[in-house]
Amino acid sequence: AQKVTQAQTEISVVEKEDVTLDCVYETRDTTYYLFWYKQPPSGELVFLIRRNSFDEQNEISGRYSWNFQKSTSSFNFTITASQVVDSAVYFCALSEDPNFGNEKLTFGTGTRLTIIP
Amino acid sequence: GAVVSQHPSRVICKSGTSVKIECRSLDFQATTMFWYRQFPKKSLMLMATSNEGSKATYEQGVEKDKFLINHASLTLSTLTVTSAHPEDSSFYICSAMRTQETQYFGPGTRLLVL
């Protein structure tokens, strides 16, 4: 069975600090996708990134970066120079079946990030 | 901009009534949509997978007669909470698959049953 663990339930950092959100996953499949979503107080989930299990290259998008380590089954998310607008709950998620038509997402429990001005 | 919409965003109803929530993909066709439930400060739990033109597939423990799902077109899925009770109060979120690998989520519907 698939499982996603986000051990950090809440994190608070002062604005402009860097922060890393951890995500560890379990799956028996060799092909899978990993995701990060942001959920601001409004409730809507915002898609941040999708990573294929065959692509271990790290990715950077502005102040966001992701570190995918297959050897440790981790997919960590770093925000550089954090801003108050980054305050939200962040979910890591895993999909074991990337085939069209029946993809199920398993979510972690989320990390509530608070950026202190 | 938003690619998936939900209506209503908030609803308050009396116990025993039924509530319908709509989920629409705005600029793409979605043969598969998903319905999730989220309790306060908790993660999202998949309730069911909605496939256009066929019956929904429910997750274990989700009452199909309680949560009726209809996916009548490629851009619309509806979730009806029948005979709602206070324990059904929750945040309901739908998602639609825009590509083969990625789900895009609606803004959610907050249901409060009095």
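Conventions used here
Throughout, a residue's number is its position along its own chain's written sequence, starting from 1. Going through the entries in the order they are written, you letter the chains from A and number the ligands from 1. Totals for whole chains, interfaces and linings use every residue, but because this is a predicted model, local features are given only for residues with pLDDT of at least 70 and side-chain atom pairs only at 80 or more, for both listing and counting. For the side-chain quantities, the full set of heavy atoms in the structure was used; hydrogens and water were omitted. Secondary structure elements are defined from DSSP: runs of H or I of at least 4 residues count as helices, runs of E of at least 2 residues count as strands, and each element is numbered from the N terminus. As a reference, a globule follows 2.2 Å times the number of residues to the power 0.38, and the radius of gyration itself is taken over C-alpha atoms. Exposure is judged per residue with a 1.4 Å probe applied to protein chains only, and the accessible area is read against the type maximum: over 50% gives exposed, under 20% gives buried, and values in between give partly exposed. Throughout, a contact is declared for two residues whenever any of their heavy atoms are within 4.5 Å. Cysteine sulfur pairs qualify as disulfides if the two atoms are within 2.5 Å. By the convention used here, strands pair only if DSSP detects at least 2 bridges between them. Simply put, an axis is a line fit to the C-alpha atoms, just over the touching stretch for a helix, and the angle between two N-to-C directions goes from 0 to 180 degrees.

Undergrad: Which residues make up the overall build of chain B, and what values go with them?
TA: Summing up its helical and strand segments, chain B has 0 helices and 11 strands in all. In chain B, the succession of helices and strands from N to C terminus is β-β-β-β-β-β-β-β-β-β-β. Against the compact-globule benchmark of 13 Å for 114 residues, chain B has a radius of gyration of 13 Å, which places it among compact chains. Each principal axis of the C-alpha distribution contributes one length, and for chain B these read about 40 × 30 × 20 Å. Out of the 114 residues in chain B, the part that is buried amounts to 53%. When contacts within chain B are restricted to residue pairs at least 6 apart in sequence, long-range pairs at least 24 apart make up 53% of them.

Undergrad: Got a sec to walk through the state of the cysteines? Specific residues and values, please.
TA: Residue and element names in this part refer to chain B. Within the structure shown, the criterion is met by 2 disulfides over all chains. Here Cys23 is linked by a disulfide to Cys94, with a sulfur-sulfur distance of 2.0 Å. Sign of the S-S torsion, about 80° for the bond between Cys23 and Cys94, identifies this disulfide as right-handed. Taken as a pair, Cys23 in strand β3 (residues 19-25) and Cys94 in strand β9 (residues 90-97) lie far apart in primary sequence, 71 residues in all. Among the residues examined, Cys23 registers a relative accessible area of 0% and is labelled buried. Judged by relative accessible area, Cys94 falls into the buried class, the value being 0%. Just so you know, Cys13 is unpaired, no disulfide at all, and the nearest cysteine sulfur is the one on Cys94, 18 Å from it.

Undergrad: Which residues make up the sheet that holds strand β8 (residues 76-81) of chain B, and what values go with them?
TA: All names here are of chain B. The strand order β1-β3-β8-β7 describes an open sheet built from 4 strands, whose pairing is antiparallel. Strands with a single pairing partner mark the edges of an open sheet, and in this sheet they are β1 (4-7) and β7 (67-73). Across the sheet, the axes of successive neighbouring strands diverge by a mean angle of 15°, strand direction being ignored. In terms of strand pairing, β7 meets β8 through 5 bridges, oriented antiparallel. Counted as the bridge partner of Phe67 is Val81 from β8.

Undergrad: Hey, could you go over unusual backbone geometry for me, with residue numbers and the actual values?
TA: Between His7 of chain B and Pro8 of chain B the backbone carries a cis peptide bond, its omega angle lying at 0°. Its place among the elements puts Pro8 of chain B in the loop between β1 and β2 (10-13). Phi is positive for Ser73 of chain A, which is not a glycine, with a value near 50°. With respect to the element layout, Ser73 of chain A can be found in the loop between β8 (64-69) and β9 (74-79). On the basis of relative accessibility, which here comes to 24%, the residue Ser73 of chain A falls in the partly exposed class. Phi angles above zero are rare outside glycine, and Lys41 of chain B is one such case at about 60°.

These values are about where atoms sit, not about what they do.
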